[in-house]
Amino acid sequence: MSGGAARGHDEEPRADDPHLPTPSSTPSEEHAAAHAPGHDAAEGLGRDTTRARGEDRPSREVPQRRGDEAAEKSSGEENRSAKGDRGGEGDDEADTLPLPVGRREGVRRAAVVIGGLTLFALVLAAAAYGLLKPYLSPDEQPEDGGAVASGAQPVRRITLPEGLRLDEALRRISKQAGVPLADLRAVDSRQVGLPDYARGLEGFLFPATYEAGNGTTARGLLAAMVQRFATVADRLDLEERAARMDLTPLEAVTVASIVQAEPGRAADYPKIARVIYNRLGRDLPLRIDSTALYALGKRATRLSPGETKVGSPYNTYTRRGLPPGPISNPGVRALRAALHPAKGGWYWFVTTNPTHRITKFTDKESEFVRYREELNENLGTN
């Protein structure tokens, strides 16, 4: 296959076979500050001030003879006594029953103090939770995105695109996470939670965005990516579905990695998977450029005749069947396509327009040849 096109099984490789590299496909803690308003408890305890003007005042004998000075004096003294000798306060407040000034001020101050203490306690609780949160569930892995929280706040973001090879992925992780590449390469793959059927990390570093906190280790990063693969594989029922298709789980991931390495659109992935299965069903060599390029350890738009003969079990020009393992790290759409291929009788496909990722499929070798000519015209190689 060249440029995403499967060769005919009896066609000799040509030097002008193009192949394009696979395009790379993304706490806050709230705390409520309690506010205790300075509510004057005296409010709401008021009476109808009309009584202060004597309209409904309790019965009291009032002297009837205005000229009787003694009676008036006596009456005035009684009134002053009844008012508590307020020293000239207006009659409008006569029947209002506020708390004594000292007590009212005490309540106000107590409310302010209690509110302040409550706010302070909440702030301390929120700060303590933020510091202790990473240690409350250290073994928990994030559900989506593969975030790795090693501290209270993430400091670096790692974005792993679909279709990267292992070495490309490790270099990207090293650069974005600030972890030495040597440390990542030195991680024992047996200590990162790989599934039993995996031969190594290739194919199992799930493409996603991850966050690395202070102190995140190389092994912790890779383990999070492997764990994310396991989560997706479980959702897709990868092992059970592969068994129904008479594939091992590793073979299913390998098919997905080839599908991911081809330059077609995601909508084409199930058809590409079907081409692979149709050729395998007829015991035809896959002759897919991406497998030979993987064996060569290079990215290129075409292979020379000599390069198609590279001696490697990953080179599907020279050997039948699937490569011994994945050739890239596939995403969920490629994995799903490998497990749910389209229905069709195609044996070839050609990405005739790499710029727009237009891929055409056929079951006729003559059409395949015509599609390749169309590709060469678009690339200007005719």
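Heads up: the structure comes first, above all this text.
Residues numbered from 1 in each chain as written. Predicted model: local features only at pLDDT ≥ 70, side-chain atom pairs only at ≥ 80, totals over all residues. Heavy atoms only, no water.

Undergrad: Talk me through the overall build of the protein chain; I want residue IDs and the actual numbers.
TA: A tally of helices and strands in the protein chain yields eleven helices and six strands. In the protein chain, which comprises 382 residues, the share counted as buried stands at 41%. (Helix = DSSP H or I, 4+ residues; strand = E, 2+ residues; numbered from the N terminus. Buried < 20%, exposed > 50% of the residue type's maximum accessible area, 1.4 Å probe, protein only.)

Undergrad: Which residues make up the pattern of salt bridges, and what are the values?
TA: Scanning all chains against the criterion turns up eleven salt bridges. A salt bridge links R333 to E162; the nearest nitrogen and oxygen atoms lie 3.3 Å apart. A residue pair is termed long-range when its members are at least 10 positions apart, and R333 in helix α10 (residues 332-339) and E162 in the loop between β2 (154-159) and α3 (166-177) qualify at 171 residues. E307 is paired through a salt bridge with K298; the nearest N and O atoms lie 2.7 Å apart. (Salt bridge = Lys/Arg side-chain N within 4 Å of Asp/Glu carboxyl O.)

Undergrad: Explain the packing of α3 against helix α5 (residues 218-235) to me, using residue names and the numbers behind them.
TA: The relative placement of two packed helices is expressed as an angle between their axes plus a distance between the axes. Relative to each other, α3 and α5 sit at 125°, their axes nearing to 12 Å. On the basis of their axis angle, the class for α3 and α5 is oblique. Crossing handedness for the pair α3 and α5: right-handed. Between α3, through L170, I173 and A177, and α5, the contact on the second element is made entirely by L221, L222 and M225. (Axes fitted to C-alpha atoms, helices over the stretch in contact; angles between N-to-C directions. Parallel < 35°, antiparallel > 145°, perpendicular 65-115°, else oblique. Left-handed = near helix turned anticlockwise from the far one by under 90°. Contact = heavy atoms within 4.5 Å.)

Undergrad: Break down a negative patch on the surface for me, with residues and values.
TA: On the surface, D196, D234, D237 and E239 cluster together to form a negatively charged patch. Mapped onto the secondary structure, E239 falls in helix α6 (residues 238-244). (Patch = residues over 30% accessible without salt bridge, like charges linked within 9 Å, V, L, I, M, F, W, Y side chains within 5 Å. Areas by Shrake-Rupley, 256 points an atom, 1.4 Å probe, with all protein chains shown as cover. Lys, Arg positive; Asp, Glu negative; His and termini not counted. Charge placed at Lys NZ, Arg CZ, Asp CG, Glu CD.)

Undergrad: Can you explain the nonpolar core? Please cite residues and give values.
TA: In terms of nonpolar packing, the biggest core is built from 64 residues, with I173, L205, L222, F229, I276 and L335 touching the most fellow members. Of all elements in the fold, only α3, α4 (181-186), β3 (209-213), α5, α6, α7 (249-261), α8 (269-281) and α10 reach the threshold of two or more residues within this core. Look past the residues within four positions of L335 in its chain and what remains in contact with it is F206, F229, V232, L236, L238, V253, A256 and P330. Core analysis: the second largest hydrophobic core is formed by seven residues, L284, Y347, V350 and Y371 among them. (Core = buried A, V, L, I, M, F, W, Y, C linked by side-chain atoms within 4.5 Å.)

Undergrad: Mind laying out the packing of α8 against α10, listing which residues take part and the relevant values?
TA: The N-to-C vectors of α8 and α10 enclose an angle of 45°; their axes lie 8 Å apart at closest approach. Overall, the two elements α8 and α10 adopt an arrangement that is oblique. Here α8 and α10 pass one another in a crossing that is right-handed. Along the contact surface, α8 presents Y269, P270, A273 and Y277, while α10 presents R333, A334, A337 and A338. Class assignment for the residues of the contact of α8 with α10 results in seven nonpolar, no polar and one charged. (Nonpolar A, V, L, I, M, F, W, Y, C, P; charged D, E, K, R; others polar.)

Undergrad: If you had to explain α5 to someone new, which residues and values would you point to?
TA: The end-to-end C-alpha distance of α5 is 26 Å, a good match for the 26 Å that 18 residues give at a rise of 1.5 Å each. All of the buried residues in α5 are A218, L221, L222, A223, A224, M225, V226, R228, F229, T231, V232 and A233. Immediately downstream of α5, the backbone of D237 shows phi near 55°, a positive value. (Expected span 1.5 Å × (residues − 1).)

Undergrad: How would you summarise helix α11 (residues 365-379) if you had to cite specific residues and measurements?
TA: Counted at 1.5 Å a residue, the expected span for α11 with its 15 residues is 21 Å, and the 21 Å between its end C-alpha atoms agrees. Residues of α11 that are buried: F368, Y371, R372, L375 and N376. Across the axial projection of α11, the buried residues extend over an arc of 145°, all falling on one side. The exposed residues of α11 that point more than 90 degrees off its buried face are S366 and E377. Downstream of α11 by a residue or two, G380 has a phi angle that is positive, lying close to 70°. (Arc of directions from axis to C-beta.)

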